[in-house]
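In case you want the letters, here they are:
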Amino acid sequence: MEVEAPTMAGSTIKLTIKFGGQSIPLSVSPDITIKDLKFLLQPITNVLPRGQKLIFKGKVLEETSTLKQSKVSDGAKIMLMASQGLHQGEGPVLKAASTRPISRNVVSDKVDQTKPGLLVDKNRTDRWKATGVIALAQANLKVIPEEVWECGSAARVLDISENFIEEVPARISSFGSMQKLFLQGNGLSDESIQWEGIASLKRLMLLSISHNNLTVLPSAVGSLTSLRQLDVANNKLTSLPNEIGLLTQLEILKANNNRITSLPESIVNCSFLMEVDLSANILSELPEAFTKLRNLKTLELNNTGLKTLPSVLFKMCLQLSTLGLHNTEITVEFLRQFEGWDEFDERRRTKHQKQLDFRVVGSGKFDEGADKSW
C-alpha cells in the first residue's frame, strides 16, 4: 500500500524506502524536509525519527535539508537503517511477528499425558471446586477441557495462559464468581473470543489477555465494572475503546507494545488508576485527561512518539513518582520547566532511596527516562 503525504496536487514525487527486507512506496512533496520524512515513516516502521538513518546514494541525508536540496528525485530509492533500541514495540509493523512470549517444544495433536499435571481426573476436578482455583497454564491445551466447565460458579480463578487455546466460548459466562482470568500467550485473535461471555463476569477484578493477536478491544470490556487490573500488552491494538471510562475501579492498566495512536478522553473517569504502561506505542500526545488522575503513581511512556506532555502533569498528579520516557523526544531540561517539577523530583528520589534501603534494586543509578541522568 502506498503512503501519500498531504501535498499540493501535481507536486509529488514517488519514493521507495527500503527497510527490513520490505519496500515502502511513498508519495511526497520534493520540498519536504528529511526530518518531516522521518516523522512520516515513524507510524509505518515503528522506528522513532531519531533512530532513523536515511541513506541515498551512499550518503546520509541531513535532517534540515529538503528532498530537492538532497537531489532526491522521482523514483528514487532510499535505504532506512534503524538504531538498535529505538523501535516502538517489538519491530516494524510491516513484518508479521509472533506474539507468543515463551518458546516451547513443538506440540503434537494429542496432549502429552505423561507430563505431570496435564491429566484431568476426578480428584483434580474436586480440588478445583474446593479451592476455586483452576491452574492449567503451559498445559499444551487447544481447547478448554470439559471438566473445567463443571466447576461453574465455584471457580474464582482460571489460568489457561501460555497454551494454544483456539476459542474462549460464550459459556465462560457460567463462571459467575470468577475474579481472575488469565488468557495471555495463547495467540488468540479477535474472532477467538466471545466477548459477551466475558462481559457477563461482573465480579471479575483481573483480566490478562496480553501476548495475543488482538487488533480490537471491544466496547463490551466496559461491562467489567469490578475490574481492578487490565493487561492487554503485546497485542496489535490501535486504540482503546471509549467504554474504558466505565471501568471506574481500575487501578492498573498495561497496554504497552501495541500500535495505539491515541487515547480516549474518557480515561479521566478511571480515577483510581495508579499504574499505567503505554510504552512502545505510536502515541503523539498524552490527553489532558491524564492530569486529572490524582491517584496516578507510575506512568510508563517509553519508546513512543511523544514530544511533549501536559504542562500541569506534575502540578496535578501529586502522587506521581515514576515517569518512564526512554527513547522519546522529551528531555529532562524540557521537564524542568513544568510547574511542580521540584516536588515530583523529590517524590521520585524518595521512592528510589527507599528501594535502595530495602535492597529492592541492585544498583544505585537510576535513569527513568528522558534519555539523561536525573
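Residues numbered from 1 in each chain as written. Predicted model: local features only at pLDDT ≥ 70, side-chain atom pairs only at ≥ 80, totals over all residues. Heavy atoms only, no water.

Caption draft 1: Structural context of helix 1 (residues 34-45). Look at helix 1: 16 Å from first C-alpha to last across 12 residues, which is about the 16 Å you get at 1.5 Å a residue. Along helix 1, the positions that sit buried rather than exposed are Ile 34, Leu 37, Lys 38, Leu 40, Leu 41, Gln 42, Ile 44 and Thr 45. At the C-terminal side of helix 1, Asn 46 shows a positive phi close to 65°. (Helix = DSSP H or I, 4+ residues; strand = E, 2+ residues; numbered from the N terminus. Expected span 1.5 Å × (residues − 1). Buried < 20%, exposed > 50% of the residue type's maximum accessible area, 1.4 Å probe, protein only.)

Caption draft 2: Layout of the nonpolar core. Within the largest apolar cluster, 70 residues are counted, with the highest numbers of intra-cluster contacts made by Ile 198, Leu 207, Leu 230, Phe 290, Leu 299 and Leu 309. Each residue touching Phe 290, except ones within four places of it in the same chain, is listed here: Leu 263, Ile 267, Val 276, Leu 278, Leu 296, Leu 299, Leu 313 and Cys 317. Ile 13, Leu 15, Val 28 and Ile 78 belong to the second largest nonpolar core, which has 22 residues in total. (Core = buried A, V, L, I, M, F, W, Y, C linked by side-chain atoms within 4.5 Å. Contact = heavy atoms within 4.5 Å.)

Caption draft 3: How the structure looks around the pattern of salt bridges. Under the criterion given, the structure shown has 7 salt bridges. The salt bridge partner of Arg 50 is Glu 329, with a shortest N-O separation of 3.8 Å. One end of the pair, Arg 50, is in the loop between helix 1 and strand 4 (52-56); the other, Glu 329, is in the loop between strand 15 (322-324) and helix 6 (332-335), and 279 residues separate them in sequence. The closest approach of N and O atoms between Asp 345 and Arg 349, which form a salt bridge, is 3.0 Å. Within this pair, Asp 345 and its partner Arg 349 are both found in helix 7 (residues 341-357), separated by 4 residues, close to a single helical turn. Under the relative-accessibility criterion, Asp 345 is labelled buried at 12%. One salt-bridge network, held together by shared partners, links Asp 345, Arg 348 and Arg 349. (Salt bridge = Lys/Arg side-chain N within 4 Å of Asp/Glu carboxyl O.)

Caption draft 4: Structural context of unusual backbone geometry. Its identity is not glycine, yet Lys 57 carries a phi of approximately 55°, on the positive side. Here Asn 234, not a glycine, exhibits a phi torsion of approximately 55°, which is positive. One can find Asn 234 in the loop between strand 11 (229-231) and strand 12 (252-254). Judged by its relative accessible area of 10%, Asn 234 is buried.

Caption draft 5: Layout of the sheet that holds strand 7 (residues 133-135). Ordered by their spatial adjacency, 9 strands build an open sheet running 7-8-9-10-11-12-13-14-15, and the pairing between neighbours is parallel. Looking along the sheet, the strands with just one partner apiece sit at the ends: strand 7 and strand 15. Strand-to-strand twist across the sheet, computed as the mean angle between neighbouring axes with direction ignored, equals 5°. Two elements, strand 13 (residues 275-277) and strand 14 (residues 298-300), share 3 bridges in a ladder whose sense is parallel. (Pairing = 2+ DSSP bridges. Axes fitted to C-alpha atoms, helices over the stretch in contact; angles between N-to-C directions.)

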